[in-house]
Amino acid sequence: MTHLIVAFVLLNAIILVVAYITLLERKFAARMQSRIGPYYVGWPHGWLQPIADALKLMLKEDVVPTLSDRWVYNLAPLVFLLPCMLIFATIPFAPGLGLADLNIGVLFFLAVSALEIVGLFMGGWGSNNKYALLSAMRAVNQIISYDLPFIFAALVPVVLAGSMQMSAIVVAQQGLFGWFVFYPGIGQLAFLAYVIATIAAENRVPFDILEAESELVAGFRVEYSGMKFALIQLGEYAHLVGTSFLGALLFLGGWLGPGPTWLGPLWFLLKAVLVFLLVTWVRWSFVRIRVDQILAISWKLLLPATVILLLATGFVVAAGFGRGA
Amino acid sequence: MALAAFLLIAAVALVSALGLILKRNAVHGALFLVVNLGSIAALYLMLGAEFLAAAQVIIYAGAIMVLFVFAIMVLIPGKEETGPDPRRSYRLLAAPLGALLLFELAVALAARRGAPGAATAPAGSVEAIGRLLFTDFLFPFELTSVLLLAAMVGVLLLARRRA
């Protein structure tokens, strides 16, 4: 029973964080382009904008294309949203404050997060729309290419900490400059690879070929409207926020930080927002690159680099420089 | 409680497997296969094999399914999905082969039943599986990697010939 309550609270907290992180992104992007961003809905600085957007999407007409594959089309947003929410299940937000601190926590995260592609494909194929189908094919292409570097980069802290349990990984980063991002050499490279792979896995600029507006209109969700569109959007941002939390946990020491223990979750949130802003910064700074370039970056550069990095980490740990208990 | 959960998951697995072979639409079949692989992962989880469950999801439900779907989308042009089967004769082979597989499974199950206490399933933890893979099962493990290498070389050869 307590699990249900915790899950309910956590789910709503995630939705709230996701709603406001969209506002943060819009404000951030606006600042980068010398604009103000959302301003009028709610004083100060349009803080009610996400709520207004959600209400608007709920009231919109739900259009289903006549020639779509009904079941696949209608189920796709749910199938897409489910893994994006499930990834939060194993993240501990403070010592003991989490849904399930499994001893394969990181692996669970990676496994569930990989299921996102099923919903994405269902949306692209079920819509029976050329643009959506092309987008789904590009997505499949890209996910195959960037899943492996992402996993290898995320495994570097796991090997350093000698555990797949998320809380154990945080505990292994205690002490001054103990965070894995400060680990000489390996830490910085792994964090860089993690951020690049995250941008690609989340399909953001410069890797956003699957929703490239100028060619594919809006990619796999071009036919969706109203609440279904909102669910897909929610899933996409939840996935990004979840990946930011994982990055903050693996490389930036999770809830560790100065001050009393109850500040832990706030530190964690702050670090996750930092990772999110890093990704957003890249998004609003670069231009989209071509499909073949994206694939080349993954297979010719990122994948070999992360494999070598993981091997090097193994040697370092075998030499006795690990941080495991 | 555990029994109810098992029955539910088993039912999902069975229905999705039936959907996989009965659906004419290849993409629907692939989606049913995702459900099937996911429910098998849930069964692994119930047996305490956490690592196996996660690996099942990450490799089969994730990567392999993605490849299946990709192949279906690229290779199957619209009409052949629902048209008559071009290789009808192959179907005659299906029944005997299926029966053989069923027989094999039955024999394996019977042999297992006859040996009480033989169910020494290794602990499902990552450490235990890693240790087993690199000690007792090192040879099959290395053999698998050679198999994968052979597949890779084959793909390279095919790609070269076409270019």
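Residue positions are counted from 1 within each chain, in the order its sequence is given. Here every chain gets a letter starting at A, and every ligand a number starting at 1, in the order they are written. Local features in this predicted model are restricted to residues whose pLDDT is 70 or higher, and side-chain atom pairs enter the listing and the counts only when it is 80 or higher, whereas totals over whole chains, interfaces and linings include all residues.

**A few points about the overall build of chain A**
Strands are runs of DSSP state E lasting at least two residues, helices are runs of H or I lasting at least four, and both sets are numbered from the N terminus onward. Scanning chain A for helices and strands turns up 12 helices and 0 strands. Its helices and strands taken in sequence order, chain A reads α-α-α-α-α-α-α-α-α-α-α-α from the N to the C terminus. C-alpha atoms define the radius of gyration in this analysis, and the globule rule sets the expected value at 2.2 Å times the number of residues to the power 0.38. For a compact globule of 325 residues, the expected C-alpha radius of gyration is about 20 Å, and chain A comes in at 20 Å, within 12% of that figure. Counting only C-alpha atoms and orienting by the principal axes, one finds that chain A spans roughly 60 × 45 × 45 Å. Looking at chain A residue by residue over its 325 residues, the buried ones come to 45%. In chain A, the proportion of contacts linking residues at least 24 apart, taken out of those at least 6 apart, comes to 77%. Counting other C-beta atoms within 10 Å of a residue's own tells you its class, since 20 or more makes it buried, 12 or fewer makes it exposed, and anything in between is partly exposed; those C-beta atoms are placed from the backbone. Residue pairs are scored as contacts if the distance between their C-beta atoms, which are placed from the backbone, is within 7 Å.

**A closer look at the domain arrangement of chain B**
Interface size is commonly expressed as the accessible surface area that is lost when the partners come together. Where each domain begins and ends is defined by an automated method or by a domain database. Domain parsing of chain B yields domain 1 (1-78) and domain 2 (125-163). When each unit is reduced to the centre of its C-alpha atoms, the spacing between domain 1 of chain B and domain 2 of chain B is 23 Å.

**Quick word on helix α8 (residues 186-201) of chain A**
Residue and element names in this part refer to chain A. A helix is expected to reach a length of 1.5 Å times the quantity of its residues less one. Given a rise of 1.5 Å per residue, 16 residues ought to cover 22 Å, and the 22 Å separating the end C-alpha atoms of α8 matches this to within 8%. Where α8 is concerned, the buried positions are Ile 186, Ala 190, Phe 191, Ala 193, Tyr 194, Ile 196, Ala 197, Thr 198, Ile 199, Ala 200 and Ala 201. Of the surrounding secondary structure, the elements contacted by the buried residues of α8 are α6 (130-161), α10 (226-251), α11 (264-283) and α12 (291-321). Immediately downstream of α8, the backbone of Asn 203 shows phi near 55°, a positive value.

**Notes on the interface of chain A and chain B**
With 21 residues of chain A in contact, the opposing surface of chain B contributes 17 residues. Breaking the side of chain A that touches chain B down by element, the ones donating at least two residues are α4 (105-114), α5 (116-126) and α6 of chain A. Residues that form the side of chain A that touches chain B fall into these classes: 19 nonpolar, 1 polar and 1 charged. Under this grouping Gly is polar, as are all residues other than the nonpolar Ala, Val, Leu, Ile, Met, Phe, Trp, Tyr, Cys and Pro and the charged Asp, Glu, Lys and Arg.

**Section: the environment of Ala 54 of chain A**
Residues and elements named next belong to chain A. Position of Ala 54 among the secondary structure elements: in helix α2 (residues 49-59). For Ala 54 and Val 18, which are 36 residues apart along the polypeptide, the C-alpha to C-alpha distance reads 12 Å. Among residues more than four places away in sequence, those in contact with Ala 54 are Ala 19 and Ala 230.

**Let's talk about unusual backbone geometry**
Residues and elements named next belong to chain A. Note the cis peptide between Trp 43 and Pro 44, where omega equals 0°. With a phi close to 55°, Ser 34 is a non-glycine residue in the positive phi region. Residue Ser 34 is classed as exposed on the basis of its 6 C-beta neighbours within 10 Å. Its identity as a non-glycine residue notwithstanding, His 45 has a phi of 55°, on the positive side. If you trace the backbone, His 45 turns up in the loop between α1 (2-32) and α2. His 45 sits in the partly exposed class, given 14 other C-beta atoms within 10 Å.

**Remarks on helix α3 (residues 50-75) of chain B**
Residues and elements named next belong to chain B. Over its 26 residues, α3 extends 35 Å from the first C-alpha to the last, a length consistent with the 38 Å expected when each residue adds 1.5 Å. In this scheme, the bend at a residue equals the angle between the axes fitted to the seven residues that finish there and the seven that begin there. Bending of α3 peaks at approximately 35° at the position of Met 65. Along α3, the residues classified as buried are Glu 50, Phe 51, Ala 53, Ala 54, Gln 56, Val 57, Ile 58, Ala 61, Gly 62, Met 65, Val 66 and Val 69.

**Side note on the nonpolar core**
Only buried residues count toward a nonpolar core: Ala, Val, Leu, Ile, Met, Phe, Trp, Tyr and Cys, linked into one set through C-beta atoms within 7 Å. Counting residues in each nonpolar core, the largest one holds 114 residues, and the members touching the most others are Ile 117, Phe 121, Ala 154 and Ala 197 of chain A. Looking at which element gives the most residues to this core, the answer is α6 of chain A, with 17 residues.

**So, the environment of Val 112 of chain A**
Within the secondary structure layout, Val 112 of chain A lies in helix α4. Here Val 112 of chain A is in contact with Pro 83, Leu 86 and Ile 87 of chain A, once residues within four sequence places are set aside.

**Notes on the environment of Thr 313 of chain A**
All names here are of chain A. Mapped onto the elements, Thr 313 comes out in helix α12. With 25 C-beta atoms packed within 10 Å, Thr 313 lands in the buried category. Residues in contact with Thr 313, not counting those within four places in the same chain, are Val 156, Val 159, Leu 160 and Ile 186.

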